[in-house]
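Residue-level structural notes
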Amino acid sequence: MQRRHILLGTAGLLAAPAILRAQGAGTIKVGFPVPLTGAYGAEAQDQVRAAEVAIREFNESGGLGGRMAELLVRDDRLNPGEAATRTLELVESDKVNFVVGGLSAAVQLAINNVTKQRGVIFNSISQSDAINERSDWSRTTFHEALNPHMTAGAVGRYAFSRLGKRVAFLTADYAYGHEMVRGFQRAGRAFGIETVADIRHPIGATDFSAFLPRLQALRPDVLFLCNFGRDLQIAVRQTTDFGLKRNTKLVAPLLLYTSRLAGGSAPFQGVIGGTSYYWKLEDSVPSAKRFNDRFRAQHGGRVPSDYGALGYGGVRTVLEAAKTAGTTETDKVVEAMRALRYDYYKGPQYYRGCDHQSVQSVLVVESKTTARDDVDVFDIVHTENPDEENLRSCSELGHG
Amino acid sequence: MRAVADWFFRHPVLGAGFFILILPFITPYTALAVMILVYGLYALGFNIMYGHVGLLSFGHSALLGGGAYACGIALVHLGLPWGACILAGTLAGTLIAFVMGALAVRTRGIYFAMVTLALSQVAYFGFYQAEPWTGGENGLRGVNLRTLGIPGLSLDFTTPAVRYTVIGLLVWGAVALLARILASPFGAAMLAVRENEARAKACGFDVRLVRLQAMTLSGAFCGLAGALLALHLSIVPIETLHYTTSGVAVMMAILGGSNTFFGPFVGAAVFLFLESVVSTRTEHWPLVVGVVFVLFILLARQGIWGTLVARLR
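Residues numbered from 1 in each chain as written. Chains lettered and ligands numbered in written order. Predicted model: local features only at pLDDT ≥ 70, side-chain atom pairs only at ≥ 80, totals over all residues. Heavy atoms only, no water.

Looking at an unreviewed UniProt entry, chain A carries the name Branched-chain amino acid transport system substrate-binding protein, with the source organism given as Muricoccus pecuniae. UniProt annotates chain A under Sequence similarities (unreviewed entry) with the comment "Belongs to the leucine-binding protein family." (UniProt positions renumbered as here; feature names shortened; annotations may be inferred.)

Laid out in structure tokens, this is it:
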């Protein structure tokens, strides 16, 4: 039902361009291209929900001197070409003030290329290392999400110090997997880790049984599963069935709330991974409690997911910056965003000067055994505090 | 009405020009209109093989994608002027089509489809692995054409109207050229090969050569479409080379009517329009587009344009 509401809402937004025009230049328009259909539909729909929370909060507080904000959701279908076309529509036809969104590395880079050419602020809310690098980055590019380097670094430092130094990798053979492995290897240097196996599998694999006997014979302390979505679910289930968990701890660099719910309690039991947000943070962080309560009130008592929360953070930062700047003019909002020191939902954050990467905490969570409908699926076992030291240096990224 | 229709069908080039002229006014936004132009040209190029020679290719994504990457690489890595980039894309499409054709024209029917599919997958993984040049998984970014230098004139290519006009003129030129080629003796030779291979052979045509020539020609048009796609989107996604992109061309040609000259272009317009409008209303948009497709296969074999042509003449 929720899902249908969003789609109907999206359709309504599209069907009502006349109303938009009637409201005139006063409305602040935030373009929001996300993959409502496709493999990450569940995450994308949660991002829309969370972004709506940020919009309503902004409007209830009086907007920007009476100017209200509005969310223009577009389905990019997880396809970079479609994302570029939709972003062109948002920028050229709808004349949006800001663009927030993207839910894959390739898609966010496509959106970024379109906005960067046209001098429109884009705040990306999914993981990518490339978007920080000089060749893709621009003054109007912001990255609210974590990147693979930060995530793998935090999870790696936790795993190497507590779980053991003989490690193996099972990696999906594409950019995301490679970036994660690179992050682990970098973090592992300080610990003197020993890599006993580095196995690459094609993306979209359904059968991992060919690799499992070898991994079992090697008996690594930790097995890093550098794959995502369905690949991760299948890999976790098969390694569990194979009995690998007896000697080896399974670690996924990115362990999402949504994939844990989809994958089930038993296979994921004891799996450790990194994430940007988990709703139980509300026990220790007041801003998380505030955000969760607003989200529950607006969306029938459900709790936000990690990627969903990024939708909130991404939209709220641009709107707050516009409020501080007192205008929606790109240059002034960029300056205001660069100056932001904020704590909106997970503790203190700020955008690093050279690449506009949001410096923030990384959570390490462990999946626990739960009943079927229980939404409390993780224990937060470690929090790595925000620190620029954990990012790749500005000069390494090619900035000055 | 009949007179108007007759005029339209007798002057396909002027008809196409008229279509391109009104297109931006009947689509919800300009970026979609440009996509229709580009995919329309791609479907026309594909239909040289399917409609006119009678060979179903499942590898045309390699021609579109090859053209797009060549144009993008020429701009990003070599810094060539825009005209040279478009030429590079067209040539790349031609070359890939020639190689694919040389390996595939000896086969027919399902075998031709399979061989072209396999070869396009080779292209996909080749471009995927060549990350320093193509960006790999992330796609090629930075195909940024800002000012369009034409002698005596400097245009801002990021303006939607300019982008549509420039791409529209190029597509129209290509359509006119294709219409001329199809009306030539070579066009007749292609039809002869399609209709009856043995008789074409008996008449002295080298059937394989005609097919290879047609494939190469098809590559030139698809390569041009790819180059324009790269300049329009300012990126080249790896998905351009995926085999589903080949399937899209088949659907567009059949939906519009593969036995007519302009049908595939109409098919592309209807397909993209439906996809864009329906996908904002329901997540099950492929179901709607699929049902429309099946209905046309069952009830109007000639496709949208083909049925119109048959009704009105």
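1. What to know about the overall build of chain B
Scanning chain B from terminus to terminus reveals 15 helices and four strands. Relative to the 2.2 N^0.38 estimate, which gives 20 Å for 313 residues, the radius of gyration of chain B is 19 Å and therefore close to what a compact globule would have. The principal-axis extents of the C-alpha atoms in chain B amount to approximately 50 × 45 × 45 Å. When the 313 residues of chain B are sorted by exposure, 56% land in the buried category. Look at the contacts in chain B between residues 6 or more apart in sequence, and 75% of them connect residues 24 or more apart. Here chain B carries 17 positive and 10 negative side-chain charges, and the mean point of each set is 12 Å from the other. (Helix = DSSP H or I, 4+ residues; strand = E, 2+ residues; numbered from the N terminus. Rg over C-alpha atoms; globule rule 2.2 N^0.38 Å. Buried < 20%, exposed > 50% of the residue type's maximum accessible area, 1.4 Å probe, protein only. Contact = heavy atoms within 4.5 Å. Lys, Arg positive; Asp, Glu negative; His and termini not counted. Charge placed at Lys NZ, Arg CZ, Asp CG, Glu CD.)

2. Quick word on the overall build of chain A
From N to C terminus, chain A includes 14 helices and 15 strands. Scaling as 2.2 N^0.38, a compact globule of 400 residues should have a C-alpha radius of gyration of about 21 Å, and chain A matches this with 21 Å. For chain A, the C-alpha atoms occupy an extent of roughly 70 × 50 × 40 Å along the three principal directions. For chain A, with 400 residues in total, the buried portion stands at 64%. Within chain A, residue pairs in contact and separated by at least 24 positions form 68% of the contacts whose partners lie at least 6 positions apart. With 47 positive and 44 negative side-chain charges, chain A shows a spacing of 1 Å between the two charge centroids.

3. Describing the pattern of salt bridges
Applying the stated rule across the entire model yields 33 salt bridges over all chains. For A:Glu82, the salt bridge goes to A:Arg77, with nearest N and O atoms at 3.5 Å. Assessed through its relative accessible area of 12%, A:Glu82 is described here as buried. Two residues, A:Arg296 and A:Asp293, come together in a salt bridge whose shortest N-O distance is 2.9 Å. Placement of the pair is A:Arg296 and A:Asp293 together in helix 12 (residues 286–298), with a separation of three residues, close to one helical turn. Classification of A:Asp293 by relative accessible area gives partly exposed; the value is 33%. What you see here is one network of salt bridges that share partners, running through A:Arg74, A:Arg77, A:Glu82, A:Arg86, A:Glu89, A:Asp94 and B:Glu275. (Salt bridge = Lys/Arg side-chain N within 4 Å of Asp/Glu carboxyl O.)

4. Focus on the domain arrangement of chain A
Residue and element names in this part refer to chain A. In terms of domains, chain A is made up of domain 1 (18–146 + 282–359) and domain 2 (149–275 + 362–390). For domain 1 and domain 2, the distance between their C-alpha centroids amounts to 29 Å. Tallying the contact residues gives 17 residues for domain 1 and 18 residues for domain 2. Summed over both partners, the interface of domain 1 with domain 2 buries about 1600 Å², with 59% contributed by carbon and sulfur atoms. It is Asp 129, Leu 146 and Asp 306 in domain 1 that bury the most area against domain 2; as a group they hold 34% of the surface buried on that side. Inspection of the region where domain 1 meets domain 2 yields one salt bridge. Salt-bridge contacts for Asp 129 lead to Arg 182; the nearest nitrogen and oxygen are separated by 3.1 Å. On inspection of domain 1 and its partner domain 2, the count reaches eight residue pairs in polar contact (both at pLDDT 80 or more). Mapped by element, the contributors of at least two residues to the side of domain 1 that touches domain 2 are helix 13 (306–325) and strand 13 (358–359). (Domains from an automatic or database assignment. Buried area = accessible area lost by both parts, 1.4 Å probe. Polar contact = N/O pair within 3.5 Å; in protein donor to acceptor, adjacent residues only side chain to side chain.)

5. Focus on the UniProt feature "domain: Leucine-binding protein" (unreviewed entry) in chain A
This chain's UniProt record puts "domain: Leucine-binding protein" (unreviewed entry) on residues 27–368 of chain A. With 44% helix and 20% strand, residues 27–368 of chain A has end C-alpha atoms that lie 45 Å from one another.

6. Things to note about the environment of A:Leu146
Tracing the backbone shows A:Leu146 in the loop between strand 5 (141–143) and helix 6 (148–162). Here the alpha-carbon distance between A:Leu146 and A:Ser358, two residues 212 residues apart in the chain, equals 7.3 Å.

7. Concerning the environment of B:Leu119
Residues and elements named next belong to chain B. Mapped onto the elements of the fold, Leu 119 is located in helix 6 (residues 109–129). Leu 119 gets classed as partly exposed once you look at its relative accessible area, which sits at 22%. Measuring from C-alpha to C-alpha, the distance between Leu 119 and Leu 103 comes to 9.0 Å, with 16 residues separating the pair along the chain. With near-sequence residues (within four places) excluded, Leu 119 lies in contact with Met 100 and Leu 103.

8. Quick look at unusual backbone geometry
Residue and element names in this part refer to chain A. Of note, Arg 219 is a non-glycine position whose phi angle comes to about 45°, a positive value. Among the secondary structure elements, Arg 219 is positioned in the loop between helix 8 (212–218) and strand 8 (222–226). The phi torsion at His 356 lies on the positive side, around 60°, for a residue other than glycine. In this structure, His 356 sits in the loop between strand 12 (349–351) and strand 13.

9. Details of helix 2 (residues 12–26) of chain B
Its 15 residues place the ends of helix 2 of chain B 20 Å apart at the C-alpha level, agreeing with the 21 Å of an ideal helix rising 1.5 Å per residue. Those residues of helix 2 of chain B hidden inside the fold are in contact with helix 1 (2–10), helix 3 (30–53), helix 8 (160–182) and helix 13 (263–279) of chain B. (Expected span 1.5 Å × (residues − 1).)

10. Some thoughts on the confidence of the model for chain B
Per-residue confidence for chain B gives a mean pLDDT of 93, with 100% of residues at or over 70. At the level of chain-chain contacts, confidence expressed as ipTM amounts to 0.94, with global pTM at 0.92. (pLDDT = per-residue confidence, 0-100.)

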